[in-house]
Amino acid sequence: MMFRRAGHIQGWVAAATIAIAGMVMPAAADAGMGYAVVPTTIIYPGDTISSAQLQEVEVTNPNLAGDYAKSISQVEGLVSKRTLLPGRTISISALREPYTVTRGSNIRLVFQLGQMTISAAGSPLEDGATGQMIRARNMDSGVIVSGTVLADGTVHVRAK
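- Named according to an unreviewed UniProt entry, the chain is Flagella basal body P-ring formation protein FlgA originating from Rhizobium viscosum.
- For the chain, the Subcellular location (unreviewed entry) comment in UniProt is given as "Periplasm".
- One UniProt comment on the chain, placed under Function (unreviewed entry), says "Involved in the assembly process of the P-ring formation. It may associate with FlgF on the rod constituting a structure essential for the P-ring assembly or may act as a modulator protein for the P-ring assembly."

### Focus: the nonpolar core
Logical step 1: Within the largest apolar cluster, 11 residues are counted, these being Val37, Ile43, Ile49, Leu54, Ala69, Val75, Leu78, Leu84, Ile90, Ala94 and Leu95.
Logical step 2: Among all residues touching Val37, those that are not within four sequence positions of it are Leu54, Gln55, Glu56, Ala69, Lys70, Ser71, Ile72, Val75, Arg88, Thr89 and Ile90.
Logical step 3: Core analysis: the next-biggest nonpolar cluster, separate from the first, contains nine residues, Leu109, Ala136, Val149 and Val155 among them.

### Overview of the packing of aromatic side chains
Logical step 1: What the rule picks out here adds up to zero aromatic pairs.
Logical step 2: The residue whose ring lies beneath Lys70 is Tyr68, and the NZ or CZ to ring-centre distance is 4.1 Å.

### Some remarks on the sheet that holds strand E8 (residues 144-149)
Logical step 1: Ordered by their spatial adjacency, five strands build a closed barrel running E5-E6-E7-E8-E9, and the pairing between neighbours is mixed. When strand polarity is set aside, the average angle formed by the axes of neighbouring strands in this sheet is 50°.
Logical step 2: Strand direction decides the pairing type here: strand E7 (residues 133-138) and E8, joined by five bridges, are antiparallel. Along E8, the bridge assignment pairs Met133 with Thr148.

How each quantity is defined
Residues numbered from 1 in each chain as written. Predicted model: local features only at pLDDT ≥ 70, side-chain atom pairs only at ≥ 80, totals over all residues. Heavy atoms only, no water. UniProt positions renumbered as here; feature names shortened; annotations may be inferred. Core = buried A, V, L, I, M, F, W, Y, C linked by side-chain atoms within 4.5 Å. Buried < 20%, exposed > 50% of the residue type's maximum accessible area, 1.4 Å probe, protein only. Contact = heavy atoms within 4.5 Å. Phe/Tyr/Trp six-rings, centres within 6.5 Å; stacked < 30°, edge-to-face > 60°. Lys NZ or Arg CZ within 6 Å of the ring centre and 35° of its normal. Pairing = 2+ DSSP bridges. Helix = DSSP H or I, 4+ residues; strand = E, 2+ residues; numbered from the N terminus. Axes fitted to C-alpha atoms, helices over the stretch in contact; angles between N-to-C directions.

And the structure:
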């Protein structure tokens with residue numbers, strides 16, 4: 001039985017692989033794989049993301065899938081829920097809207113029923129973004145109510 005060195009066969013296989021990849025990869029890049037947003041610095045949980053911390057890069061990995069951000073405008077002004085590393089794509093699920101009201105702050109509670117409007121001082125028992133339902137304490141009576149956070153920081157109380 002005689003053994004032959006396979007080194008020259010491996011060289012041909014490697015050369016053929018490189019040649020095929022050279023023909024296929026530019027076609028995939030031209031197919032418009034799009035762009036992804038990556039941080040240029042470390043972004044920590046709770047940090048508000050600014051455009052100065054971001055960069056749009058062309059996607060070259062055909063296996064990249066998921067809910068990653070594709071433009072800076074999509075993530076600018078949002079708050080990070082976890083640490084974002086430089087050069088890594090930003091998952092949309094790793095971001096949240098900034099809170100409009102924060103726990104323990106002073107807010108205005110508003111209740112409307114037809115033409116009647118009742119307003120009172122309150123304190124939110126949890127953080128809340130615009131449109132989110134939160135619980136808040138009426139500072140005058142001590143009653144805990146539920147309501148929707150409005151963009152101006154007031155809480156629109158719902159009827160029970």
